[in-house]
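So you can see what is in the structure, the chains are spelled out below.
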Amino acid sequence: MPFTPEQFEEMSGNLGRVKEEIGKFIVGQEEAVEFSLYAILSDGHALLEGLPGLGKTMLIRTISEVLDLSFSRIQFTPDLMPADITGTSILERDEQGGQRFVFKEGPIFSQMVLADEINRATPKTQSALLEAMGEKTVTVLGVTRKMAKPFFVLATQNPIEMEGTYPLPEAQMDRFICKVLLPYPSKVELKEIMKRTTGSNKVAISKVMDTGTIVQAQAMVKEVVIADEMIDYAVDLVTATQGDSGIADEWTRYVQYGSGPRGLQSIIRLSKARALMAGRYHVSIADIKTVAKPALRHRILINYEGEAEGIDVDLLIDQLLDEVKQGSAV
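Residues numbered from 1 in each chain as written. Predicted model: local features only at pLDDT ≥ 70, side-chain atom pairs only at ≥ 80, totals over all residues. Heavy atoms only, no water.

## Some details on helix α11 (residues 261-277)
Rules: For helices the rule is a DSSP run of H or I covering at least 4 residues; for strands it is a run of E covering at least 2, with both sets numbered from the N terminus onward. The span expected for a helix works out to 1.5 Å for each residue beyond the first. Classification of residues uses two cut-offs on accessible area relative to the type maximum, computed with a 1.4 Å probe and protein chains only: under 20% is buried, over 50% is exposed, and between them is partly exposed. Note on contacts: a residue pair is in contact if any heavy atoms of the two residues lie within 4.5 Å.
Helix length check: α11 (17 residues) gives 25 Å between terminal C-alpha atoms against 24 Å at 1.5 Å per residue, within 8%. Within α11 the residues assigned to the buried category are G263, S266, I267, I268, L270, S271, K272, A273, A275, L276 and M277. Contacts from the buried residues of α11 go to α1 (5-23), α2 (30-41), β9 (178-181), α8 (211-223), α9 (228-240) and α12 (285-296). Just downstream of α11 lies G279, where phi reads positive at about 85 degrees.

Structure follows, in structure tokens:
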């Protein structure tokens, strides 16, 4: 193991302070905060679904401040073009009077990118972002440029205003390591939000980590140990979503497609990140169960009959978690 137990403990402490610092400004939304951090540690990207005004922009901006990373926000609209995201080459005159093409970087060249309402842009524009997410590179006019490290995209979707939108295809949804649903804040949280946002007191955010430390934390996540029986349990969960396991009749009746290998990879990577944040060197069964819904909910496609009856994917995943037992063959 290239990292010592002392280094793991120190990193876990740093991550705990990151979460505490974010909590000074962001009220509630613990799942969104935790899984955004898990996704960053796993070198993945997160998709948040929630109504406007629930703090998605402030969440990612606060995380970037605490982690001391560059931040950019892209508001997706139907007239947004790929070059508005990636940047483009423009013709400039040099000191000698000649002309040359100079590449002007777009907002995608940041360490943390908020893709606000990603489903409002056309598929062509969506693909410009998703290429950067998948390949960690951007190709413009035949020249390939690498993204910054770490590189994290937090995309948001509005679940109610569906007119004039272009829903992400399932294959592109699969690129997100997790999908998190943002609930309404409680009465207590609403009151606290008003105190923090409408008063004269300003909350000071301290920088806890930097780029080098985050890259080191991502390397540590890969070194977290996972036993074969934990992997087998995650495999059982994923194969059970594919409808041929005989676990529950609802899967064959209401589910058209289940999760593939990326779902399994996401469960393992998120579980390792959760273990590191908790100060453990190994993945537990609780880690896998906790990350299962965010890792799988956007990878399970409900058929027409399921949509007509209002079947909730989360309830089906809860049923799988109850019925798939550790150490059982599926």
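Don't stop here, the text continues.
## Points about the environment of E131
Considering the arrangement of structural elements, one finds E131 in helix α5 (residues 123-135). Residue E131 is classed as partly exposed on the basis of its relative accessible area, which comes to 31%.

## As for the environment of L48
With respect to the helices and strands, L48 occurs in strand β1 (residues 46-49). Between the alpha carbons of L48 and C178 there is a distance of 8.5 Å; along the sequence they are 130 residues apart.

## Some details on the side chain of K272
Convention followed: Any pair of N or O atoms that falls within 3.5 Å is considered a polar contact. Within protein, one atom must be able to donate a hydrogen and the other to accept it, and sequence-neighbouring residues count only if both atoms are side-chain atoms.
Position of K272 relative to the elements: it lies in helix α11. Engagement of the side chain of K272 in a polar contact is seen with the backbone oxygen of K222, the distance being 3.4 Å. For K272, the residues in contact, after removing those within four places along its chain, are V221, K222, V224, I226 and V283.

## Considering the side chain of S271
In this structure, S271 sits in helix α11. Overall, the relative accessible area of 0% leaves S271 in the buried class. Among all residues touching S271, those that are not within four sequence positions of it are V283, D287, I288 and V291.

## Some points on the packing of aromatic side chains
Note the cut-off: Pairs were defined over the aromatic rings of Phe, Tyr and Trp, the Trp ring being its six-membered one, requiring ring centres within 6.5 Å. Orientation was assigned from the angle between planes: stacked under 30 degrees, edge-to-face over 60, tilted for the rest.
Going through the model one piece at a time under the given rule, you end up with one aromatic pair. Ring plane angle 75 degrees and centroid distance 5.1 Å describe the contact between F35 and Y38, whose orientation is recorded as edge-to-face. Separated by three residues within a single helix, F35 and Y38 lie in helix α2, roughly one turn from each other.

## A word on the sheet that holds strand β2 (residues 71-75)
The line we're drawing: Should DSSP find at least two bridges between two strands, the strands are taken to pair. Helix axes use the C-alpha atoms of the stretch in contact, all axes being lines fitted to C-alpha atoms, and the angles between their N-to-C directions lie in the range 0 to 180 degrees.
Pairing is parallel in the open sheet, where five strands are placed in the order β2-β5-β8-β1-β9. The open sheet has two edge strands, β2 and β9, and neither has a second partner. Sheet twist, expressed as the average angle between the axes of neighbouring strands with direction ignored, equals 20 degrees. Bridging between strand β5 (residues 112-116) and strand β8 (residues 152-157) involves four bridges; their strand directions are parallel. Bridge pairing in β8 links A115 to A155. Packing of α2 onto the sheet brings it into contact with β1, β5, β8 and β9, and relative to β9 it is tilted by some 165 degrees.

## Some words on empty space enclosed by the protein
By rolling a water-sized probe across the atoms, one finds the places where empty space is left. Threshold: A cavity here means a set of 1 Å grid points, computed over protein atoms only, where a 1.4 Å probe fits but cannot escape. A pocket is an open set with protein on both sides within 12 Å along at least 5 of 7 lines, and lining residues have an atom within 4 Å of a point. Grid points are joined across faces, edges and corners, and a volume is the space filled by probe spheres set on the points. The residue classification treats Ala, Val, Leu, Ile, Met, Phe, Trp, Tyr, Cys and Pro as nonpolar and Asp, Glu, Lys and Arg as charged. All others, Gly included, are polar.
All told, the structure shown has one cavity of 30 Å³ or more when counted by the stated rule. Put simply, the largest cavity is a space of about 50 Å³. L15, L37, I40, L41, L67, M209 and I214 are the residues that line the largest cavity. Looking at the lining of the largest cavity, the element that brings in the most residues is α2, giving three residues. In terms of residue class, the lining of the largest cavity is made up of seven nonpolar, no polar and no charged.

## Points about the layout of surface pockets
Here the largest pocket is characterised by a volume of approximately 810 Å³. As for the largest pocket, its lining consists of 33 residues, of which E170, M173, K179, R297 and I300 are closest to the centre. Counting residues per element, the lining of the largest pocket draws most heavily on α11, which supplies three residues. The residue makeup of the lining of the largest pocket, split by class, is 13 nonpolar, 10 polar and 10 charged. Space inside the second largest pocket adds up to approximately 380 Å³. Along the wall of the second largest pocket there are 22 residues; nearest its centre are V27, G53, L54, G55 and I193.

So far we have only geometry, and geometry alone does not tell us how the molecule works.
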